Amino acid sequence: MKVTAFVLQRISELRLQKGVSEKQMSREIGRSASYLSAMINNKSLPSLATLIEICDYLEVTLEEFFSADYENPVRVNRLVAQARRLTDEELDMLTHLAEHMNRLKEE
């Protein structure tokens, strides 16, 4: 996959994971309402500075943005943020639940 196509597809995937429209995201990163749509339609890449702003908005690092190993970084980062607010006992329960769910998937 070409770099341009990958970057534009990844922005769209992560935007959808965050649950925001192109218009909303464009406005919230300080651009015109049609910014993302125009970029995607013209198949043009954002500048590095803008890509960093986009990653900040999407709550992902550049590594998570470019790595194929991170399928759902927005959701995972949201979960981690919530987990940081839990007590030790609650973290143990959450860990147990995640382990149990993964064992069920393996069966």
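Small disclaimer: the values here were computed from a predicted structure and weren't measured.

Explanation requested: the packing of helix α1 (residues 3–18) against helix α6 (residues 73–83) in the structure shown.
A pair of packed helices can be characterised by two numbers: the angle between their axes and the separation between those axes. Relative to each other, α1 and α6 sit at 40°, their axes nearing to 8 Å. Taken together, the axes of α1 and α6 lie oblique to each other. Facing α1, whose interface residues are R10, L14, Q17 and K18, α6 presents P73, V74, R75 and R78.

What is the right way to read the environment of V60 from this model?
Looking at the element boundaries, V60 is found in the loop between α4 (48–58) and α5 (62–66). Taking C-alpha positions, V60 is 9.8 Å from N72, a pair spaced twelve residues apart along the chain. Excluding anything up to four places from it in sequence, V60 contacts L14, C55, F65, P73, V74 and N77.

Just to check I follow, could you spell out a nonpolar patch on the surface for this structure?
A surface patch of nonpolar side chains, amounting to about 350 Å² of accessible area, comprises L48, I52, L62 and F66. Sorting the residues of the nonpolar patch by element identifies α4 and α5 as the ones contributing at least two each. Taking relative accessible area as the criterion, L62 reaches 33% and is therefore assigned partly exposed.

Hey, could you run me through the nonpolar core in this one?
Judged by nonpolar contacts, the single largest core of 17 residues is most densely connected at I11, M25, L58, V60 and F65. Elements with a minimum of two residues in this core: α1, α3 (35–42) and α4. Leaving out residues up to four positions away in the same chain, M25 has contacts with I11, R15, V20, L36, I54, Y57 and L58.

Just to check I follow, could you spell out the layout of surface pockets for this structure?
The probe, sized like a water molecule, is rolled over the atoms to show the empty space still left. By volume, the largest pocket is sized at about 210 Å³. Those elements that provide at least two residues to the lining of the largest pocket are α6 and α7 (88–106). Among the elements that make up the lining of the largest pocket, the one with the highest residue count is α7 (eight residues).

What is the right way to read the pattern of salt bridges from this model?
Oppositely charged side chains may form a pair once their charged atoms are brought near each other. The final tally for this structure, using the stated rule, is three salt bridges. For E13, the salt bridge identified is with R10, shortest N-O distance 3.5 Å. One end of the pair, E13, and the other, R10, are both in helix α1, three residues apart, so they sit about a helical turn from each other. Given a relative accessible area of 32%, E13 falls into the partly exposed group. We classify R10 as buried; its relative accessible area is 5%. The residue R31 makes a salt bridge to E53 at a minimum N-O spacing of 3.1 Å. Here E53 lies in helix α4 and R31 lies in the loop between α2 (22–28) and α3, a separation of 22 residues in the sequence.

So, how was this worked out
Residues numbered from 1 in each chain as written. Predicted model: local features only at pLDDT ≥ 70, side-chain atom pairs only at ≥ 80, totals over all residues. Heavy atoms only, no water. Axes fitted to C-alpha atoms, helices over the stretch in contact; angles between N-to-C directions. Helix = DSSP H or I, 4+ residues; strand = E, 2+ residues; numbered from the N terminus. Parallel < 35°, antiparallel > 145°, perpendicular 65-115°, else oblique. Contact = heavy atoms within 4.5 Å. Patch = residues over 30% accessible without salt bridge, like charges linked within 9 Å, V, L, I, M, F, W, Y side chains within 5 Å. Areas by Shrake-Rupley, 256 points an atom, 1.4 Å probe, with all protein chains shown as cover. Salt bridge = Lys/Arg side-chain N within 4 Å of Asp/Glu carboxyl O. Buried < 20%, exposed > 50% of the residue type's maximum accessible area, 1.4 Å probe, protein only. Core = buried A, V, L, I, M, F, W, Y, C linked by side-chain atoms within 4.5 Å. 1 Å grid on protein atoms, 1.4 Å probe; cavity = no way out; pocket = protein on both sides within 12 Å on 5 of 7 lines; lining within 4 Å. Points joined across faces, edges and corners; volume = space filled by probe spheres on them.

Limitation: the analysis is restricted to geometry and does not speak to function.
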